[in-house]
Amino acid sequence: MIRTALIALLLLGACGRATVAPAPIAPGRVISPAFGDSNPVDWPGRRPETYGVHGIDVSKFQGQIDWPAARAAGVNFAFVKATEGGDRIDPQFAANRDAASAAGIPVGAYHFYYFCTPAAAQARWFIASVPRQRGALPPVLDLEWNPQSPTCTLRPDPAVVRAEARAFVAIIAAHYGQRPIIYTTPEFWRENDLAQLAGEEFWLRATAEHPSDRYPGAGWSFWQYSGTGIVPGVSGRTDLNAFAGSHADWARWLAARRL
């Protein structure tokens, strides 16, 4: 009878251990990416894998994400969509932000800019929707044309685009105590001469060439190198990104740029 009870206790103990979730991976620890790509590129120059720190950006279109699995697969940072224009919020924003942070992933929020709404109104909407949280990455201003928009396909003159970007950045920086990063695409950069936004920090999209080839002379901190990435924990395709520096550079960047 004693032997039977001991076996039962051991079995209960084993079952209990099986239900314990793994501890989050420390945010500062860099994990090499175990990503795939459904549409791989034969890179003509420097390849994304020559960079050591990788991450993703997501929105509602990725659905529910298994963030611990993504972290274990090499997601070292994540930018999640928060707002759009002056009245839209991504329904997955809070869930993505909280679950990614709980998994040990440094997280930042991004705003998709609409050129039919004044910069001040969009900045106020972002501020109302994205609380200041200790340890968050800097906010991101996403500047790109949106020809599929059902409500706003306006393309202002380049001088207007740059003026609105500066206005949005100034309001966000004053509120969060950190200047936002500016994300953009090759077409938008070229047509609006964003090189004139001297002193800003950039996140550049380039899915067939290195940023140095698509944006000659431009400085950047993040490179979005794929829109067709395959990441454990994420259903379907997602964007893949690389940080510009080494592991040590990443640690210094985090120390300087987290909220």
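Residues numbered from 1 in each chain as written. Predicted model: local features only at pLDDT ≥ 70, side-chain atom pairs only at ≥ 80, totals over all residues. Heavy atoms only, no water.

**A short note on the environment of Gly229**
By the secondary structure assignment, Gly229 is in strand S9 (residues 222-230). Its relative accessible area of 0% is what places Gly229 among the buried residues. Placed 33 residues apart in sequence, Gly229 and Gln196 show a C-alpha to C-alpha distance of 31 Å. (Helix = DSSP H or I, 4+ residues; strand = E, 2+ residues; numbered from the N terminus. Buried < 20%, exposed > 50% of the residue type's maximum accessible area, 1.4 Å probe, protein only.)

**Topic: the layout of surface pockets**
What the largest pocket holds in volume is close to 700 Å³. The residue inventory of the lining of the largest pocket, partitioned by class, reads 11 nonpolar, eight polar and 11 charged. (1 Å grid on protein atoms, 1.4 Å probe; cavity = no way out; pocket = protein on both sides within 12 Å on 5 of 7 lines; lining within 4 Å. Points joined across faces, edges and corners; volume = space filled by probe spheres on them. Nonpolar A, V, L, I, M, F, W, Y, C, P; charged D, E, K, R; others polar.)

**Comments concerning the state of the cysteines**
Counted according to the given criterion, the structure contains one disulfide. The disulfide partner of Cys116 is Cys152, and the S-S distance across this bridge is 2.1 Å. Handedness here is read from the sign of the S-S torsion; for Cys116 and Cys152, about 90°, the answer is right-handed. Within this pair, whereas Cys116 is found in the loop between strand S5 (107-112) and helix H4 (119-129), its partner Cys152 is found in the loop between strand S6 (140-143) and helix H5 (158-176), the two being separated by 36 residues in sequence. Taking the relative accessible area as the measure of exposure, Cys152 reaches 6% and is therefore buried. (Disulfide = S-S within 2.5 Å.)

**What about the confidence of the model for the protein chain?**
Looking at the protein chain as a whole, its pLDDT mean stands at 91, while 90% of the residues score no less than 70. Residue range residues 1-20 is modelled with pLDDT below 50. Its contacts to residues more than four positions away, or to other chains, number zero contacts. (pLDDT = per-residue confidence, 0-100. Contact = heavy atoms within 4.5 Å.)

**Regarding the nonpolar core**
Membership of the largest hydrophobic core comes to 50 residues, with the highest contact counts inside it found for Ile56, Trp67, Leu143 and Val231. The leading source of residues in this core is H5, at six residues. Aside from chain neighbours lying at most four places away, what touches Val231 is Phe35, Ile56, Ala70, Val75, Thr238 and Leu240. By size, the runner-up hydrophobic cluster in this structure holds 15 residues, among which are Phe77, Tyr183, Phe222 and Trp253. (Core = buried A, V, L, I, M, F, W, Y, C linked by side-chain atoms within 4.5 Å.)

**Some points on unusual backbone geometry**
One non-glycine residue with positive phi stands out, namely Asp193, at about 45°. Its relative accessible area of 32% is what places Asp193 among the partly exposed residues.

**Comments concerning helix H8 (residues 247-257)**
Within H8, burial applies to Trp250, Trp253, Leu254 and Arg257. One side of H8 carries all its buried residues, which in axial view fall inside an arc of 100°. Facing away from the buried surface of H8 by more than 90 degrees, the exposed residues are Arg252, Ala255 and Ala256. Looking at the buried residues of H8, the elements they touch are strand S7 (181-184), strand S8 (201-205), S9 and strand S10 (238-243). (Arc of directions from axis to C-beta.)

**Digging into H5**
Helix length check: H5 (19 residues) gives 27 Å between terminal C-alpha atoms against 27 Å at 1.5 Å per residue, within 8%. Among all positions of H5, only Val161, Arg162, Glu164, Ala165, Phe168, Val169, Ile172, Ala173 and Tyr176 are buried. All buried residues of H5 project into a common sector of 160° when viewed along the axis, lining one side. Taken together, the buried residues of H5 touch S5, H4, S6, S7 and helix H6 (186-192). (Expected span 1.5 Å × (residues − 1).)

**Re the packing of H4 against H5**
Between H4 and H5, the least distance of the axes is 9 Å, while the angle of their chain directions is 30°. With respect to their mutual orientation, H4 and H5 come out roughly parallel. The two elements H4 and H5 cross, and the hand of that crossing is right-handed. Residues Ala119, Ala120, Gln122, Ala123, Phe126 and Ile127 of H4 form the contact with H5, whose participating residues are Glu164, Ala167, Phe168, Ile171, Ile172, His175 and Tyr176. (Axes fitted to C-alpha atoms, helices over the stretch in contact; angles between N-to-C directions. Parallel < 35°, antiparallel > 145°, perpendicular 65-115°, else oblique. Left-handed = near helix turned anticlockwise from the far one by under 90°.)

**Points about the side chain of Thr228**
Assignment of secondary structure puts Thr228 in strand S9. If we skip the residues at most four places from it in the chain, Thr228 touches Asp37, Ser38, Asn39, Arg237 and Thr238.

**Things to note about the packing of aromatic side chains**
Taken as a whole, this structure holds 26 aromatic pairs when the rule is applied. An angle of 85° between the planes, with centres 5.5 Å apart, marks the rings of Trp189 and Tyr215 as edge-to-face. One end of the pair, Trp189, is in helix H6; the other, Tyr215, is in the loop between helix H7 (211-214) and S9, and 26 residues separate them in sequence. Side by side, Trp189 and Tyr215 carry an identical accessibility label, which is buried. Taken together, Phe77, Phe79, Tyr183, Trp203, Phe222, Phe243, Trp250 and Trp253 form an aromatic cluster joined through their ring pairs. (Phe/Tyr/Trp six-rings, centres within 6.5 Å; stacked < 30°, edge-to-face > 60°.)

**A closer look at the pattern of salt bridges**
A full pass over the atoms with the stated rule returns 10 salt bridges. Residue Glu49 is joined to Arg47 by a salt bridge in which the shortest nitrogen-to-oxygen separation is 2.5 Å. Judged by its relative accessible area of 32%, Arg47 falls in the partly exposed class. For Glu84, the salt bridge is made with Lys81, and the minimal N-O distance between the two is 2.3 Å. Note on accessibility: Glu84 and Lys81 belong to one class, buried. In the salt-bridge network here, residues are joined through shared partners; they are Lys81, Glu84 and Arg88. (Salt bridge = Lys/Arg side-chain N within 4 Å of Asp/Glu carboxyl O.)

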